[in-house]
Amino acid sequence: MICTIQSKNKTQLIDITSNIQDIVRSSGIGQGLCMLYVPHTTAAVTINESADPSVKDDILMIIDTIIPWKAGYRHLEGNSSAHIKSTLIGPSELIAVENDQLVLGTWQGIFFCEFDGPRNRKVHVHLIKEKFQV
Amino acid sequence: MICTIQSKNKTQLIDITSNIQDIVRSSGIGQGLCMLYVPHTTAAVTINESADPSVKDDILMIIDTIIPWKAGYRHLEGNSSAHIKSTLIGPSELIAVENDQLVLGTWQGIFFCEFDGPRNRKVHVHLIKEKFQV
Amino acid sequence: MICTIQSKNKTQLIDITSNIQDIVRSSGIGQGLCMLYVPHTTAAVTINESADPSVKDDILMIIDTIIPWKAGYRHLEGNSSAHIKSTLIGPSELIAVENDQLVLGTWQGIFFCEFDGPRNRKVHVHLIKEKFQV
């Protein structure tokens, strides 16, 4: 399954929790694992607080400070900063599923991380039927 | 299964290798994968050297330097630094299991990363029966 | 399965996409997930652009700037910088497999990250037969 995303800014954290939850719920998997995978090299996926939207602003602010847009990069497309952020945050997350629901912590939401937008983006959703119960 | 942790400091790397190993051993899974998941937004899990405890001090020191506690953050709870660290290190790890044992490298241990303690914390342990052998 | 790597420099990103692709193709798994795991504490694995080799130079350059080799570290072996980089990038990646092929994005390649070479290194390759299709 694929979750499509339209980013609107150069850098943006987009809460996709309900999108992924809908896909998982309608799959009928019951119990297992959900793997999210971003097939882009200037984007990523992360899990963090979704209750206060200022948390994602702070994440973007510090990451932009650590990995500046201009730093004598060799890559000629001018978006090396976005590539580096993609590697630091990473292209995938794994989340448990029980009763067709993502098992997230109380404050956790799933965020698509746009580092070189605006663009049309995708998140691949893979479900694994967990076979071992203890 | 759940591994419970009581952190004692504001920031702290806690070696939970033997805790996870005990859970895996008593599961009787044999062979598969072990997924560790932290359901918190100001904590994380990582894998690094467990032989010399000074490695974890150095990790915490540099991460505190990169992501300072005060930096004009918008989030009013005052713990944005902890949220950002959580996203950079990440909430999960995957480790292979053979003969009911975690397959870690010679120097590798598993560390719960407390970034806003002291608190009572949890790590969820999920086991996947690996189905494909070559 | 194990993919062996001989790094040549102190820090180096090595494109191992074709190595992993060969292992997956010859496995005959068909459809599932491929988990890559680095059993070292001064190395990592990441996914990023493989088309322009200057991207990996830029990644290494910024990471060396963020996490310097000298910073008053306590660990006496002198390679704390490499340990910290290993934790920030992480020891594993998960990639979907369809028709015995890794499902990577158009620009994505898999890179072994050497942070304290030159050394003989390994990447463990685990395959999971995905059981749930929707």
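Look up a bit, the structure's there.
In what follows, the accompanying structure is described. Residue positions are counted from 1 within each chain, in the order its sequence is given. Whichever chain is written first becomes A and whichever ligand is written first becomes 1, with later ones labelled in order. Reporting in this predicted model follows two pLDDT cut-offs: at least 70 for local features of residues, and 80 or more for side-chain atom pairs to be given and counted; totals over whole chains, interfaces and linings ignore these cut-offs and use all residues. Just so you know, side-chain values use all the structure's heavy atoms and leave hydrogens and water out.

**Observations regarding the relation of the copies chain A and chain B**
A rotation about an axis combined with a shift along that same axis relates the two copies of the chain. Put simply, the rule is: The copies are overlaid by a least-squares fit using only the C-alpha atoms of residues whose pLDDT is at least 70 in both copies. For this analysis, residues touch if any pair of their heavy atoms sits within 4.5 Å.
You can overlay chain A on chain B at an RMSD of 0.0 Å; the transform is a turn of 120 degrees with a shift of 0.0 Å along its axis. When the rotation and shift are considered jointly, the pair of chain copies conforms to a three-fold rotation axis. Ranked by how close their C-alpha atoms come to the rotation axis, the residues of chain A are headed by leucine 88 of chain A, at 3.7 Å. Taken together, the interface assignments show that only 16% of the residues at the interface of chain A recur at the interface of chain B, consistent with different surfaces on the two copies.

**Thoughts on the side chain of glutamate 49 of chain A**
This is how the line gets drawn: Think of it this way: any DSSP run of H or I at least four residues long counts as a helix, any run of E at least two long counts as a strand, and we number them from the N terminus. Partly exposed describes any residue whose relative accessible area lies between the buried limit of under 20% and the exposed limit of over 50%, with all areas from a 1.4 Å probe on protein chains only and scaled to the type maximum. His is not counted here, nor are the chain ends, while Lys and Arg score as positive and Asp and Glu score as negative. The working definition used for a salt bridge is a side-chain nitrogen of Lys or Arg within 4 Å of a carboxyl oxygen of Asp or Glu. By the criterion applied in these results, polar contacts are pairs of N or O atoms within 3.5 Å in which, for protein atoms, one can donate a hydrogen and the other can accept it, and in which residues neighboring in sequence qualify only through two side-chain atoms.
With respect to the secondary-structure elements, glutamate 49 of chain A resides in strand 4 (residues 43-49). We note that glutamate 49 of chain A is buried and unpaired, the nearest opposite charge coming from arginine 119 of chain B at a distance of 8.4 Å. A distance of 3.2 Å separates a polar atom in the side chain of glutamate 49 of chain A from the backbone nitrogen of aspartate 52 of chain A. In this structure the side chain of glutamate 49 of chain A is engaged in a polar contact, spanning 3.2 Å, whose partner is the side chain of histidine 83 of chain B. Once residues within four sequence positions are removed from consideration, glutamate 49 of chain A is found in contact with Val55, Trp107 and Phe111 of chain A together with Thr41, His75, Glu77 and His83 of chain B.

**Some remarks on the pattern of salt bridges**
Residues and elements named next belong to chain B. Counted by the stated rule, this structure contains 18 salt bridges over all chains. Aspartate 116 is the salt-bridge partner of lysine 10, the closest N and O atoms lying 3.0 Å from each other. On the criterion of sequence distance, the pair formed by lysine 10 in the loop between strand 1 (2-6) and strand 2 (12-15) and aspartate 116 in the loop between strand 7 (108-114) and strand 8 (120-128) is long-range, its members being 106 residues apart. Accessibility expressed as a relative area gives 42% for lysine 10, which makes it partly exposed. Take aspartate 116: its relative accessible area is 8%, and that puts it in the buried class. Its salt-bridge partner being aspartate 64, residue lysine 85 comes within 2.4 Å of it at the nearest N-O pair. With a gap of 21 residues between them, lysine 85 in helix 3 (residues 80-89) and aspartate 64 in helix 2 (residues 54-66) connect regions that are remote in the sequence. Take lysine 85: its relative accessible area is 1%, and that puts it in the buried class.

**Observations concerning the relation of the copies chain A and chain C**
With an RMSD of 0.0 Å, the operation that places chain A on chain C is a rotation of 120 degrees combined with a shift of 0.0 Å along the axis. Looking at chain A, a mere 14% of its interface residues are interface residues in chain C too, so the copies touch through different faces.

**Details of the sheet that holds strand 8 (residues 120-128) of chain C**
Residues and elements named next belong to chain C. Applicable threshold: For two strands to be treated as a pair, DSSP must find at least two bridges joining them.
Spatially, 5 strands are ordered 1-8-3-5-6 in an open sheet, and the strand pairing comes out antiparallel. The open sheet has two edge strands, strand 1 (2-6) and strand 6 (101-102), and neither has a second partner. Pairing of strand 5 (residues 92-98) with strand 6, which is carried by 2 bridges, proceeds in the antiparallel orientation. Within strand 6, the residue paired with valine 97 across the bridge is leucine 102.

**Considering the interface of chain A and chain B**
Often the size quoted for an interface is simply the accessible area lost on bringing the parts together. Inclusion rule: Take the accessible area each of two parts loses on contact, using a 1.4 Å probe, and add the two losses: that sum is the buried area.
The interface is formed by 31 residues belonging to chain A together with 35 residues belonging to chain B. Between chain A and chain B, a total of about 2700 Å² is buried, with carbon and sulfur atoms accounting for 65% of that surface. Taken together, the links from chain A to chain B amount to 1 salt bridge. Taking the shortest distance from any N to any O, the salt bridge between aspartate 57 of chain A and arginine 74 of chain B comes out at 2.1 Å. Counting across the interface, chain A meets chain B through 13 residue pairs in polar contact (both at pLDDT 80 or more). For the side of chain A that touches chain B, the secondary structure elements donating two or more residues are strand 4, helix 2 (54-66), helix 3 (80-89) and strand 5 (92-98) of chain A.

**Digging into the side chain of threonine 17 of chain B**
All names here are of chain B. By the secondary structure assignment, threonine 17 is in helix 1 (residues 17-27). For threonine 17, a relative accessible area of 15% puts it in the buried group. There is a polar contact of 2.6 Å between the side chain of threonine 17 and the side chain of aspartate 15. Of the polar contacts made by the side chain of threonine 17, one reaches the backbone nitrogen of isoleucine 110; its length is 2.8 Å. The residues touching threonine 17, leaving out its near neighbours within four places in the chain, are Leu102, Leu104, Gly109 and Ile110.

**Let's talk about the interface of chain A and chain C**
Convention followed: Amino acid classes used here: Ala, Val, Leu, Ile, Met, Phe, Trp, Tyr, Cys and Pro are nonpolar; Asp, Glu, Lys and Arg are charged; the rest, including Gly, are polar.
On the chain C side, the residues contacting the 35 residues of chain A number 31 residues. A buried area of about 2700 Å², summed over both sides, lies between chain A and chain C, and 64% of it is on carbon and sulfur atoms. On the chain A side of the contact with chain C, Tyr37, Thr41 and Thr87 of chain A bury the most area, a combined 21% of that side's loss. For the pair chain A and chain C, the interface holds 1 salt bridge. Contributing elements (two or more residues each) for the side of chain A that touches chain C: strand 3 (32-37), helix 3, strand 5 and strand 8 (120-128) of chain A. Tallying contributions element by element places helix 3 of chain A first for the side of chain A that touches chain C, with 6 residues. In terms of residue class, the side of chain A that touches chain C is built from 18 nonpolar, 13 polar and 4 charged.

Function cannot be inferred from these measures alone, as they are strictly geometric.
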